[in-house]
Amino acid sequence: MLRSVSRSFFVSLRLLPKRMRPAISTGYLLARASDTLADTAGVAVDDRLELLDGFNGELAGKGARWRERGLDAFIGAQQHEGEKALLTRLDECFAALEDLDALQADAVRNTVTTIISGQRMDLVRFEEATAADPRALRNEGELEDYCYRVAGCVGGFWTRIGLLTLGSRFSDAPPDDLDALGVRYGMGLQLVNILRDLPADLANGRCYLPVGNPRDSTEMAGCHRAWREHAAVWLESGRRYSSRLKVRRLRAASVLPALIGEDTLELIAAAGFPLPEHPVKVGRGAVRRALWRAWWWPGGAQATSGR
């Protein structure tokens with residue numbers, strides 16, 4: 001299931017120590033399912049909000065009756081076969097959550113709930129936006145808050161699951177330091193997505209960059225360049241986070257998204273502004289090269305192998 005809905009994350013998951021995989025993969029699938037519900041364009045916003053609330057209720061243990069209120073319409077509206085299969089198999093995702101250790105399950109619930117809060121806010125914020133009348137975030141605080149809700153919180157989640165499953169073999173660094181670095185790292189990865197997907201988002205009336213006028217190409221170009229530099233700084237937090245981990249497999253899994261993100265930023269810069277209509281994308285060959293670099297980063301031969 002993971003392979004069908006995520007190309008790069010699936011590679012990171014395969015590298016993770018086995019004890020971390022159940023909670024991390026379950027959390028990813030649940031978050032991806034909620035994201036699919038939020039992004040189903042063929043369904044009215046009110047219906048999407050209702051399904052997200054029901055999804056959140058099931059996370060909190062309030063039962064699955066919400067699925068009877070229109071989930072089939074969401075499944076039928078999916079163009080991506082992997083996402084359609086994911087919604088069809090939600091029972092298995094929630095069953096996997098129940099099979100987790102209680103503390104790990106709580107970490108998954110808290111993280112996915114935070115992500116859903118960002119998805120929900122997104123739907124309300126852009127409900128009336130159109131390509132002819134795009135809406136932009138008002139300030140950098142709104143952008144940072146959004147990046148935290150939908151991705152930054154995942155950095156803290158990785159740290160919590162690592163400490164719960166590996167204990168002292170995860171890291172000797174203070175948990176608060178790891179949490180802060182992980183949050184900035186996740187925010188950086190989301191910011192890369194925002195910068196890359198700008199043309200597609202504008203076509204839907206959405207501008208996640210805080211500008212006064214999304215149709216002012218000069219203002220947009222300057223803002224895009226400034227946040228590209230910001231993304232590079234946040235991705236550097238990912239390198240610093242990974243360097244504090246003790247197991248080679250874990251360091252490789254953790255740094256891989258940063259390496260791919262950095263390659264994506266280079267492609268964005270090379271493409272110039274305005275960006276091409278189709279988002280720039282790191283190719284499979286570049287992903288394989290990033291995987292090789294991740295495995296040997298840093299000082300791979302001195303790291304423990306880990307399982």
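For the structure, see preceding data.
Rules used throughout
Within any chain, residue numbers begin from 1 and follow the written order of that chain's sequence. A pLDDT threshold of at least 70 governs which residues receive local features in this predicted model, and a stricter bar of 80 or more applies before side-chain atom pairs are shown or counted, although totals over entire chains, interfaces and linings include all residues. Remark: hydrogens and water are excluded; side-chain values derive from all non-hydrogen atoms of the structure. For helices the rule is a DSSP run of H or I covering at least 4 residues; for strands it is a run of E covering at least 2, with both sets numbered from the N terminus onward. When a residue's accessible area, from a 1.4 Å probe over protein chains only, is under 20% of the maximum for its type it is buried; when over 50% it is exposed; and in between it is partly exposed. Under the convention used here, a 1.4 Å probe and the Shrake-Rupley method define accessible areas, while residue burial counts only the protein chains that appear. In this charge count, Lys and Arg are treated as positive and Asp and Glu as negative; neither His nor the chain ends contribute. Taken as the charge centre is NZ of Lys, CZ of Arg, CG of Asp or CD of Glu, depending on the residue. The patch calculation keeps residues exceeding 30% relative accessible area without a salt bridge and links them within 9 Å when they carry like charges or within 5 Å when they are nonpolar (Val, Leu, Ile, Met, Phe, Trp, Tyr). A pair is scored as a salt bridge if a Lys or Arg side-chain nitrogen falls within 4 Å of a carboxyl oxygen belonging to Asp or Glu. Any pair of residues with heavy atoms lying within 4.5 Å of one another is described as a contacting pair. Note on aromatic pairs: the rings of Phe, Tyr and Trp (six-membered ring only in Trp) are paired at centre separations within 6.5 Å, and the planes decide the class, stacked below 30 degrees, edge-to-face beyond 60, tilted for the rest. Throughout this description, the term charge over a ring refers to an Arg CZ or Lys NZ atom that lies within 6 Å of the ring centre and within 35 degrees of the ring normal.

## Some details on the overall build of the protein chain
- When helices and strands are counted, the protein chain shows 14 helices and 2 strands.
- Over its C-alpha atoms, taken along the principal directions, the protein chain stretches across nearly 55 × 50 × 35 Å.
- In the protein chain, buried positions account for 50% of the 307 residues.
- Put simply, the protein chain shows about 14,400 Å² of open surface, and 49% of that area lies on carbon and sulfur atoms.
- One finds the centroid of the 41 positive side-chain charges in the protein chain at a distance of 9 Å from the centroid of its 39 negative side-chain charges.

## A word on a negative patch on the surface
- Together, Asp 46, Asp 47, Glu 127 and Glu 128 make up a negatively charged patch on the protein surface.
- Examined against the element boundaries, Asp 47 turns out to sit in helix H4 (residues 45–59).

## Re unusual backbone geometry
- Here the amide bond leading from Phe 273 into Pro 274 is cis, since omega sits at 5°, within 30 degrees of zero.
- With respect to the secondary-structure elements, Pro 274 resides in the loop between helix H13 (248–271) and helix H14 (284–295).

## Things to note about the side chain of Glu 58
- Position of Glu 58 relative to the elements: it lies in helix H4.
- When neighbours within four sequence positions are excluded, Glu 58 is seen to be in contact with Gly 63, Ala 64, Trp 66, Arg 67 and Phe 94.

## Describing the packing of aromatic side chains
- Here the structure, examined in full by the defined rule, presents 7 aromatic pairs.
- Arranged with centres 4.4 Å apart and planes meeting at 10°, the rings of Phe 9 and Tyr 28 form a pair that is stacked. Here the residue Phe 9 occupies a position in helix H2 (residues 8–15), and Tyr 28 occupies one in helix H3 (residues 21–38), the gap between them amounting to 19 residues.
- Residue class for Phe 9 comes out buried when judged on its relative accessible area of 14%.
- In this structure Tyr 28 comes out as partly exposed when scored by relative accessible area, which is 21%.
- Between the aromatic rings of Trp 292 and Trp 296, the centroid separation amounts to 5.9 Å while the plane-to-plane angle is 65°, which identifies the pairing as edge-to-face.
- A relative accessible area of 58% places Trp 292 in the exposed class.
- A cation over an aromatic ring shows up here: Arg 248 above the ring of Trp 296, its NZ or CZ 5.1 Å from the ring centre.

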